[in-house]
Amino acid sequence: MIQLKQFDNGFSYLQVNNLSCSAKIALQGAHIFEFRPVLHDNLLWLSPISEFKEQSAIRGGIPICWPSFGNNNPALAQHGFARTSLFTLISAEDINPNTTQIILKLTDTQETREIWNYQFELEVIFTLSETLSVELKTTNKDIKAFKITQALHTYFDISDISHVEISGLDNKPCFDALTQKTEPFYGNITFNEEFDRVFQNLHDTILLKENNKTVEIKSSGSNSAVVWNPWIDKCAKMSAMEADAYKEFVCIESANAYEDFRVLQPQESHSLKATFTTL
Ligand code: BG6
């Protein structure tokens, strides 16, 4: 079942319920902010004090960073404009009793061309079943080439950051945003301080483990991933985050960031896709 719903302030979202999962996807930002597989734990963290309002990014779920990750394009706002733009619903379909597909689209407007002067189409394709898959398909509709960096800025719901371990990033070149240095990273990731790094040359599955739970992250069209936790001091300064929120989430962001940027020629498309499975 797929329903178009609104909060009291008119902010619209899709509510999906099928035999395998339930989900909520905002039309602003094509932003999935809830995904609950029937047989497993809630996948995505959502800040309890996040606001749902126009022009403001939801804190949690999967913000879509596009057409620029972080400050990769200094002319644009941090993480680009897609996460605060209103998408159009193209299709919403129960493919079978266990699987629903939702397609949302953003195209250029006078407003987007003023800050990023290109004609484009960005389709976001959600496939919702036992697993969640999200595809960002960018098509260059202009007569000139453009460059994008992007990320699926996934906030994973965890019980306690001190019990989390991330594997699949061993021996990869890694840019540390805190020290501004690039060096190889060795071993699995655990957390006891602020962590903000961009990993390159990725081809493998990433695993997020906490106690008995494992989430598998498979990406295609992407050779980079960002791992982020703000820890105590930064968390206290972040918008729409309670002081202890850093304990409850970790972000693992399937990306085309920094040197993993993509240049699209006129009429060319590129898809970045991530699939999240609780094992
Ligand atoms: C991460 C960055 O991707 O996003 C961090 O690596 C940043 O540096 C974080 O703080 C959150 O960004 P924002 O704009 O959603 O507050």
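Note that this is a predicted model, so its numbers are computed, not measured. (Residues numbered from 1 in each chain as written. Predicted model: local features only at pLDDT ≥ 70, side-chain atom pairs only at ≥ 80, totals over all residues. Heavy atoms only, no water.)

Caption draft 1: Summary view of the site of the ligand. What surrounds the ligand is the set Arg59, Phe69, Gln78, His79, Arg83, His153, Asp196, Val226, Trp228, Lys234, Met238 and Glu253. Contact between the ligand and arginine 83: an oxygen atom at 2.9 Å from a side-chain N or O atom of the residue. With the chains in place, 84% of the 400 Å² that the ligand exposes on its own is no longer accessible. (Near = heavy atom within 4 Å. Polar contact = N/O pair within 3.5 Å; in protein donor to acceptor, adjacent residues only side chain to side chain. Areas by Shrake-Rupley, 256 points an atom, 1.4 Å probe, with all protein chains shown as cover.)

Caption draft 2: Region of the structure containing the sheet that holds strand β1 (residues 2–6). Read across the open sheet, the 4 strands follow the order β1-β2-β3-β4; overall the sheet is antiparallel. In this open sheet, the two strands that pair with only one neighbour each are β1 and β4 (31–37). On average, adjacent strands in this sheet sit at an angle of 15° to one another, irrespective of strand direction. Note: strand β2 (residues 12–17) against strand β3 (residues 21–26), 5 bridges, orientation antiparallel. Within β3, the residue paired with tyrosine 13 across the bridge is alanine 26. (Pairing = 2+ DSSP bridges. Helix = DSSP H or I, 4+ residues; strand = E, 2+ residues; numbered from the N terminus. Axes fitted to C-alpha atoms, helices over the stretch in contact; angles between N-to-C directions.)

Caption draft 3: Representation of the pairing of strand β15 (residues 195–199) within the structure. The buried count for β15 comes to 4 of 5 residues, which makes it a mostly enclosed element. Both strand β13 (residues 172–176) and β15 contribute to a ladder of 3 bridges, which runs antiparallel. Of the residues in β15, the one forming a bridge with aspartate 176 is arginine 197. Sheet topology places β15 next to strand β18 (residues 224–229); 5 bridges connect them, and they run antiparallel. Bridge pairing links valine 198 to valine 226 in β18. (Buried < 20%, exposed > 50% of the residue type's maximum accessible area, 1.4 Å probe, protein only.)

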